[in-house]
Amino acid sequence: MFGKNELESCMDTEWAGRCIHYFEELGSTNIQAKLEAENGAAEGTLVVADMQTAGRGRSGRSWNSPAGTNVYFTLILKPSYAPDKASMVTLVMALAVAEGIYGTCGLEAEIKWPNDVVVNGRKVCGILTEMSAEHGTVRHVVIGVGVNVGLQEFPPEIASAASLQAECGREVSRTVLLVNIMKSFEKYYESFRRNKNLSDIMGKYNSLLVNRNREVRVLDPKGEFRGIAGGIDESGQLLVEREDGSIAEIYAGEVSVRGIYGYV
Ligand code: ATP
């Protein structure tokens, strides 16, 4: 049974997810995690919910979060690096989720920069990182993740979504998946924390990038353009070659990237 006891007994990480706060229902795991971080929760505390009534994505978008079938969690970090480094943890988590999916059910998950994990070109995971900083110091960072594990039916507005079970045709344990994601995150986050950049993991991230070397549309609020997606650089920016040969360095912020003919 997915829940606190099973998660605690299976979690064999060093620090990420060693302390688990489990809820049958929450508005949003990120909001709960921010409250707990303000109230002294330690680094590595994991907030997990069976369902969210107000799950959120970037830019105020919503995350479909029904009960009994998927994974919704938020990891609390209390880092000592500067606030401008924090957005990179989204990419660290995307890599951890892709690896965790492969390790759990053998599906070759790919990454749609910066924060989506896709299987067979369809979105199975979204990630929302939020930070609280003051006087140039990070108070806390929360990384919220939703993974579609067993969901079978998707509302029409998320036609690009998929779930792990639908894609691999067999049951996938939510507990094993969450443990595998935490183990991968811990490994990659250590190298990020040491280097304060993505230099050690960018090769792996780029090898999983779904739009690499393909034409993409960059949906920048300042103006949409097309180009060929390269990989990320060590700060996590996506390098896109414009038609005139110049290279645009895209900072995640509010930018989305799409394939020319659809979601990827
Ligand atoms: P995009 O995926 O459009 O590039 P984004 O990466 O900023 O945008 P997120 O913040 O990751 O998007 O997630 C919000 C979007 O994901 C929603 O607008 C909706 O289209 C889609 N979505 C919502 N719930 C789910 C879900 N359970 N599975 C897959 N996709 C979802």
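Source: prediction; values computed, not measured.

1. Some words on the sheet that holds strand E10 (residues 238-242)
Then, in step 1: The five strands are arranged E11-E10-E9-E8-E12 in an open sheet whose pairing can be described as antiparallel. Because the sheet does not close on itself, it has two edges, and the strands there are strand E11 (247-250) and strand E12 (256-259). Mean inter-strand twist for the sheet, computed between neighbouring axes without regard to direction, equals 45°.
Then, in step 2: Relative to E11, E10 runs antiparallel, the two sharing four bridges. Its bridge partner lying in E11, Val-240 is registered against Ala-248.

2. Here's the deal with the site of the ligand
Then, in step 1: Neighbouring the ligand are 17 residues, the closest being Arg-58, Arg-61, Lys-123, Asn-148 and Arg-258.
Then, in step 2: Within the side chain of Arg-61, one N or O atom sits 2.7 Å away from an oxygen atom of the ligand.
Then, in step 3: Contact between the ligand and Asn-148: a nitrogen atom at 2.8 Å from a side-chain N or O atom of the residue.
Then, in step 4: Compared with its free state, where it exposes 620 Å², the ligand has 90% of that area covered by protein.
Then, in step 5: For the shell around the ligand, the elements supplying multiple residues, two or more each, are strand E6 (122-134) and E12.

3. Considerations on helix H2 (residues 29-38)
Then, in step 1: By the burial criterion, the buried members of H2 are Thr-29, Asn-30, Gln-32, Ala-33, Glu-36 and Ala-37. Projection of H2 onto a plane perpendicular to its axis shows the buried side chains occupying an angular sector of 160°, all on one side.
Then, in step 2: In this structure, the buried residues of H2 make contact with strand E1 (20-26), strand E2 (46-52), strand E3 (71-77), E6 and strand E7 (137-147).
Then, in step 3: The N-cap residue of H2 is Ser-28: its side-chain oxygen and the backbone nitrogen of Asn-30 are 3.2 Å apart.
Then, in step 4: Residue Gly-40 follows H2 closely and has a positive phi angle near 100°.

4. Focus on the environment of Asn-213
Then, in step 1: Structurally, Asn-213 is set in the loop between helix H6 (202-207) and strand E8 (215-219).
Then, in step 2: A C-alpha to C-alpha distance of 9.5 Å links Asn-213 and Gly-227, two positions 14 residues apart in sequence.
Then, in step 3: For Asn-213, the contacting residues outside a window of four places in its chain are Ile-228 and Ala-229.

5. A look at the pairing of E11
Then, in step 1: Where burial is concerned, the two faces of E11 differ: the one with Ala-248 and Ile-250 is buried and the one with Ile-247 and Glu-249 is not.
Then, in step 2: Counting the residues in the hairpin turn of E10 and E11 gives four residues, including Gly-245, whose phi is positive at 90°.

6. A look at the environment of Ala-37
Then, in step 1: For Ala-37, the location among the structural elements is in helix H2.
Then, in step 2: Given a relative accessible area of 5%, Ala-37 falls into the buried group.
Then, in step 3: Residues Ala-37 and Gly-231 lie 194 residues apart in sequence; the distance between their C-alpha atoms is 33 Å.
Then, in step 4: If sequence neighbours within four positions are ignored, Ala-37 has contacts with Ile-76, Lys-78 and His-140.

How each quantity is defined
- Residues numbered from 1 in each chain as written.
- Predicted model: local features only at pLDDT ≥ 70, side-chain atom pairs only at ≥ 80, totals over all residues.
- Heavy atoms only, no water.
- Pairing = 2+ DSSP bridges.
- Helix = DSSP H or I, 4+ residues; strand = E, 2+ residues; numbered from the N terminus.
- Axes fitted to C-alpha atoms, helices over the stretch in contact; angles between N-to-C directions.
- Near = heavy atom within 4 Å.
- Polar contact = N/O pair within 3.5 Å; in protein donor to acceptor, adjacent residues only side chain to side chain.
- Areas by Shrake-Rupley, 256 points an atom, 1.4 Å probe, with all protein chains shown as cover.
- Buried < 20%, exposed > 50% of the residue type's maximum accessible area, 1.4 Å probe, protein only.
- Arc of directions from axis to C-beta.
- Contact = heavy atoms within 4.5 Å.

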